[in-house]
Amino acid sequence: MGVPPIEAASRALARPTHRVSAALLAVLLLLMVAVAAERSVQPPGARAVNAPAAEFSAGRAFQHVQAIGTGPHVAGSAPADAVRERLLTTLRGLGLAPEVQDTVSVQGGELSASAGGTGLARVRNVVTLLPGTASTGRIFLVAHYDSAQVSPGGNDDGAGTGAILEIARALAAGPRLRNDVVLVLTDAEEACLCGAKAFVDQHPLARAGGVVLNLEARGSTGPAIMFETATDNAGLTRVYARTPRPVGTSFAVEVYRLLPNDTDFTPFLDAGFTGFNSAYIDGSAVYHAPTDTPAAMDQGSLQHLGANTLALTRELGRRELPALRSDGDAVYFPVPGGLAVYPGTLTWPLAGLALLAVLALAWLSRRRGLTTGGRLAGGFGLALVPLIAAPVAAQILWAILKLIRPGYAAQLIDPYRPFWYRLAILALTATIVFAWYALLRRRMSPAALAVGGLGWLAVLGLVLAAFAPGGSYLAALPALAGALTGIVAVLWRGWWSVLAVTVGAAVAVVVLLPTVVMFFPALGLAIGAASALFATLLALAVLPIVDLLHPEAGGQRGLVALRARRLGGLPTLVATLTAVACAATGLAVDRFDPAHPSPTHLMYALDTDTGQARWLSQESKPQEWTAQYVSGERAPVLDTLPAFGPAEVFSGPAQPAGLPAPKLTPSADTTTGGLRTVTFRLTPQRAVRLITLHVNAEATVSAATVAGRPVPTDRKAGGPWGFGFVFHAPPPEGIEVKLTVPANTPLRLRAMDASDGLSSLPGFRPRPTDVGVVGSHSSEMAAVAHTFTL
């Protein structure tokens with residue numbers, strides 16, 4: 001680089017007289033802080049069934065989970081009816097008066113969106129009012145009692161439903177709260193969020209709005225994270241911070257807004273409600289899958305979800321609810337012992353102060369002779385190397401693991417046992433940081449590299465303040481603390497300098513380590529780069545401590561200096577060996593077996609127009625079991641199956657099954673003023689989960705009514721098809737449809753219905769015990785389609 005090496009011993013921010021003792025003490029203190037920070041985002045132990053009546057008991061709630069999660073109970077099915085009856089019986093046994101909201105709702109959903117149409121469903125919500133003594137507003141406890149079509153729903157959302165039943169017991173047994181509490185156990189969340197949409201649109205208890213606490217699970221273990229809020233959440237967040245073990249981060253809210261995910265919380269938000277969305281999310285390999293059984297549940301996670309919600313309900317129940325509305329969002333994150341909360345208005349000042357503090361540290365380091373201007377610039381530029389290399393390495397590791405174990409490709413978030421792989425990513429990150437630091441330490445100086453790392457944290461703090469304000473603290477606070485304590489270290493030498501940089505590093509650990517811990521299950525190994533990035537930011541923030549781990553030559557030359565440089569590479573070697581060992585251990589531990597089967601995806605589609613049938617799969621590459629049904633290249637099936645939208649799938653020939661197509665029965669056909677209005681009944685001829693209808697693109701639909709509900713007509717399926725809809729949980733008698741189209745235009749209607757289960761179809765061979773079903777809304781679907789011309 002044209003810059004001569006300088007002796008590193010006198011160019012570090014911390015210059016203790018006893019280097020080894022200082023390193024041991026600093027590392028020990030940071031380990032203690034790290035343990036406390038990691039424990040701040042762990043669930044509590046489960047309370048037994050004999051816990052005091054006023055407390056939440058995961059043992060009691062789990063009894064409800066066991067009854068709910070005996071098998072799949074998709075909306076509209078007989079098992080869903082049985083679950084609903086149990087809910088009603090349980091609530092009545094508590095002396096409450098639940099009601100069933102039986103209606104049709106219109107709302108977009110996953111399958112509906114992919115089909116370019118609108119989602120509808122017949123829903124039967126269970127709604128219960130616990131009236132307050134002098135209510136200032138309403139608190140809504142929300143969970144869905146339906147499951148995905150192949151899943152028992154032990155966690156999703158047996159956890160939320162079981163928790164609300166246990167909360168209802170605790171509330172009913174105690175003194176009445178000041179404010180009303182409404183229990184809303186929704187139907188058809190998995191299908192289209194239609195139960196929640198029906199409640200906010202049609203139920204009288206929803207008309208005045210209120211505070212919503214939605215309970216979810218996207219896994220089987222981990223802390224219950226409050227991951228989504230309404231806007232202007234500062235007042236409510238301060239209340240949430242009073243719960244026994246609050247876990248949440250304002251950055252999660254920013255991230256969730258970028259993800260294509262929705263829960264029952266979404267219709268409430270769209271309707272102007274405020275509140276929180278909470279879920280535990282680790283163990284996501286069981287999500288929507290047959291392995292989501294009650295036995296898979298970590299009851300500590302259930303305890304965390306329920307106990308926090310009960311405490312929050314009681315606290316909100318005594319408050320003046322309108323007074324909690326505030327202007328602006330809060331910034332919040334977990335710390336040992338609770339939740340740190342401060343106004344969002346401090347985001348820009350703190351980010352600006354962090355940058356100024358880093359610039360001040362750079363100036364002071366240069367003035368004190370710890371580095372030069374050129375080295376500061378070089379340290380800042382070269383700090384990009386680990387920030388880029390570590391996330392890339394994490395993604396490369398996941399790609400290698402998928403090559404070794406192809407079944408991982410179908411696990412879109414995490415494998416069953418990701419612990420060792422997560423450690424491998426952290427060790428890989430440490431390898432890159434240690435190697436980078438060892439190579440550049442003498443040439444660039446420890447101070448220049450430390451200031452460069454803090455500089456990128458400060459810059460990122462400003463970027464996040466502009467684009468994701470709730471996450472700016474992740475970079476701004478470590479940069480500010482590191483720079484201020486770095487200034488103290490430069491001014492005060494010896495042990496004071498070690499203490500100063502240790503305090504700065506401890507702040508970084510408290511702020512960033514919980515984020516790393518939570519991001520691993522949130523985004524999974526599939527996006528392990530995110531956790532690697534935050535781990536790298538943490539490593540850059542603690543570089544002064546990393547420097548203490550490097551032995552010094554003490555100004556000597558020759559063999560002594562050479563030995564010191566070789567020992568300086570020891571951390572890199574240890575981290576490398578650890579990464580390899582953890583990855584190998586993960587491969588040895590996380591094998592597919594009957595309890596943890598390899599997930600596969602398969603569907604069946606019969607076209608009664610031609611009598612031809614096909615197997616379909618959405619796998620990225622057919623696995624060994626799936627390859628006996630499908631082959632060739634991925635291609636869309638939009639022309640004949642518009643309900644699947646433009647998604648590309650693998651296909652293969654199948655034997656036609658004796659499955660009847662939906663029946664279309666016209667009842668009226670009139671033409672007025674150049675517009676033709678047709679009315680007909682669409683009736684499934686077998687037990688199905690959903691029924692769809694799509695209209696040929698030439699017949700532009702200007703108005704549509706389905707089951708008495710107006711349906712938007714602006715969304716198009718694509719290809720030869722225009723307007724369409726998906727109706728979930730259709731009644732046996734079918735649904736009435738009214739369409740208005742231009743007169744004298746050919747009208748073709750493509751109807752499809754779908755049931756769940758492939759085992760009775762001709763040509764289907766049972767899966768081996770270590771091969772399972774992927775958690776997907778289209779897994780195991782048997783679809784039958786027919787075209788009608790009117």
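Quantities reported herein were computed from a predicted structural model and do not represent experimental measurements. (Residues numbered from 1 in each chain as written. Predicted model: local features only at pLDDT ≥ 70, side-chain atom pairs only at ≥ 80, totals over all residues. Heavy atoms only, no water.)

### Considerations on empty space enclosed by the protein
At step 1: All told, the structure shown has four cavities of 30 Å³ or more when counted by the stated rule.
At step 2: At the level of secondary structure, the elements contributing two or more residues to the lining of the largest cavity comprise strand 5 (211-217), strand 7 (274-280) and helix 11 (299-317).
At step 3: Along the lines of polarity and charge, the residues of the lining of the largest cavity split into seven nonpolar, five polar and no charged.
At step 4: Size it by volume and the second largest cavity reaches roughly 60 Å³.
At step 5: Looking at the lining of the second largest cavity, the elements that each hand over two or more residues are helix 17 (473-491) and helix 18 (495-523).
At step 6: Partitioned by chemical class, the residues of the lining of the second largest cavity number six nonpolar, four polar and no charged. (1 Å grid on protein atoms, 1.4 Å probe; cavity = no way out; pocket = protein on both sides within 12 Å on 5 of 7 lines; lining within 4 Å. Points joined across faces, edges and corners; volume = space filled by probe spheres on them. Helix = DSSP H or I, 4+ residues; strand = E, 2+ residues; numbered from the N terminus. Nonpolar A, V, L, I, M, F, W, Y, C, P; charged D, E, K, R; others polar.)

### Describing the environment of Ala351
At step 1: For Ala351, the location among the structural elements is in helix 12 (residues 347-367).
At step 2: On the basis of relative accessibility, which here comes to 0%, the residue Ala351 falls in the buried class.
At step 3: If near-sequence neighbours (up to four positions away) are discounted, Ala351 is found in contact with Gly461, Leu462, Ala465, Ser472 and Ala476. (Buried < 20%, exposed > 50% of the residue type's maximum accessible area, 1.4 Å probe, protein only. Contact = heavy atoms within 4.5 Å.)

### Some details on helix 16 (residues 446-467)
At step 1: With 22 residues, helix 16 should reach 32 Å at 1.5 Å per residue; the first-to-last C-alpha distance of 32 Å fits that figure.
At step 2: With 16 of 22 residues buried, helix 16 lies mostly within the body of the structure. (Expected span 1.5 Å × (residues − 1).)

### What to know about the layout of surface pockets
Gaps between atoms show up when a probe of the same size as a water molecule is rolled over them.
At step 1: Here the second largest pocket is characterised by a volume of approximately 1400 Å³.
At step 2: Residue assignment for the lining of the second largest pocket shows that the elements contributing at least two residues are helix 1 (19-39), helix 15 (419-444), helix 18, helix 19 (528-541), helix 20 (543-548) and helix 22 (570-589).
At step 3: Examining the composition of the lining of the second largest pocket, we find that nine residues originate from one element, helix 15, more than from any other.
At step 4: In terms of residue class, the lining of the second largest pocket is built from 35 nonpolar, five polar and four charged.

### A look at a nonpolar patch on the surface
At step 1: On the surface, a nonpolar cluster with roughly 660 Å² of combined accessible area is contributed by Leu384, Ile388, Val392, Ile396, Ile400, Leu403 and Ile404.
At step 2: Note that Ile404 resides in helix 14 (residues 384-404). (Patch = residues over 30% accessible without salt bridge, like charges linked within 9 Å, V, L, I, M, F, W, Y side chains within 5 Å. Areas by Shrake-Rupley, 256 points an atom, 1.4 Å probe, with all protein chains shown as cover. Salt bridge = Lys/Arg side-chain N within 4 Å of Asp/Glu carboxyl O.)

### Quick word on the state of the cysteines
At step 1: Per the counting criterion, the structure on display carries one disulfide.
At step 2: Each sulfur of the disulfide joining Cys192 and Cys194 lies 2.0 Å from the other. Here the S-S torsion is close to -125 degrees, and the disulfide linking Cys192 with Cys194 is therefore left-handed.
At step 3: Judged by relative accessible area, Cys192 falls into the buried class, the value being 1%.
At step 4: Overall, Cys194 belongs to the buried group, its relative accessible area being 0%. (Disulfide = S-S within 2.5 Å.)

### Comments concerning the packing of aromatic side chains
At step 1: The full count for this structure, using the stated rule, is 26 aromatic pairs.
At step 2: Relative to Trp615, the ring of Tyr604 has its centre 5.2 Å away and its plane inclined at 65 degrees; by these criteria the two rings are edge-to-face. With Tyr604 in strand 11 (residues 603-607) and Trp615 in strand 12 (residues 612-617), this pair connects stretches of sequence that are 11 residues apart.
At step 3: Both rings, one in Phe723 and one in Phe725, keep their centres 6.3 Å apart while their planes meet at 55 degrees; by these two values the pair is tilted. We note that Phe723, like Phe725, is buried.
At step 4: One aromatic cluster is present, formed by Trp398, Tyr408, Tyr416, Tyr421 and Phe592 through successive ring pairs. (Phe/Tyr/Trp six-rings, centres within 6.5 Å; stacked < 30°, edge-to-face > 60°.)

### What about the pattern of salt bridges?
At step 1: Tallied over the entire structure, the rule returns 23 salt bridges.
At step 2: Across the salt bridge formed by Arg84 and Asp81, the nearest N and O atoms sit 2.7 Å from each other. Separated by three residues within a single helix, Arg84 and Asp81 lie in helix 3 (residues 78-93), roughly one turn from each other.
At step 3: On the accessibility criterion, Arg84 (7% relative accessible area) is buried.
At step 4: The exposure class assigned to Asp81 is partly exposed, which follows from its relative accessible area of 26%.
At step 5: Here the salt bridges do not stand alone but share partners, grouping Arg242, Glu315, Arg318 and Arg319 into one network.

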